[in-house]
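A structural walkthrough
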Amino acid sequence: MSEASTDRADRPAEVTDPLLWGLSAAVADAHQPDEDRVCTSPSCVGAAWPCAAWNNAQEGLRAARAPRPAPPAAAATGEPDHGDPLTGWPTDLVPAARSEALAVSAA
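First, a word on what this report is: a plain description of the structure on this page.

Our focus in this paragraph is the overall build of the protein. The helix and strand inventory of the protein stands at three helices and zero strands. Listed N to C, the secondary structure of the protein is α-α-α in terms of helices and strands. For the protein, the residues scored as buried account for 21% of the 107 residues in total. Sequence separation of 24 or more characterises 40% of the internal contacts of the protein that already satisfy a separation of 6 or more. Of the roughly 8100 Å² of accessible surface on the protein, 59% is carried by carbon and sulfur atoms.

For helix H2 (residues 52-65), built from 14 residues, the straight-helix expectation of 20 Å at 1.5 Å per residue is met to within 8% by its first-to-last C-alpha distance of 20 Å. For H2, the full list of buried residues reads Trp54, Ala57, Gln58, Gly60, Leu61 and Ala64. Taken down its axis, H2 places every buried residue within 155° of arc, on the same side. Every exposed residue of H2 that faces more than 90 degrees away from the buried side is listed here: Ala52 and Asn56.

Parameters and conventions
Residues numbered from 1 in each chain as written. Predicted model: local features only at pLDDT ≥ 70, side-chain atom pairs only at ≥ 80, totals over all residues. Heavy atoms only, no water. Helix = DSSP H or I, 4+ residues; strand = E, 2+ residues; numbered from the N terminus. Buried < 20%, exposed > 50% of the residue type's maximum accessible area, 1.4 Å probe, protein only. Contact = heavy atoms within 4.5 Å. Areas by Shrake-Rupley, 256 points an atom, 1.4 Å probe, with all protein chains shown as cover. Expected span 1.5 Å × (residues − 1). Arc of directions from axis to C-beta.

Structural data, given as structure tokens:
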């Protein structure tokens, strides 16, 4: 068996990315060795164990436990706001005053 199971009760408390952890655990569970140390997954077809998929799943399990970096605080650095996370446009811009009126033409 892998180091973890997809069962929520078995998920370690330090997991910061439950989706990544669950997917990685499922892949690791699907890529187990047989008595000859050959991966039993049909996608590996006779590959020696640990196979690449199992190794990648173990990396995913480790990454799911890693602490997430805090986003940089614009106010703390004194830098202007660099954008709305949804649009990417700066949110601290103020429209410039226009010196001339816009002409509206009727067609």
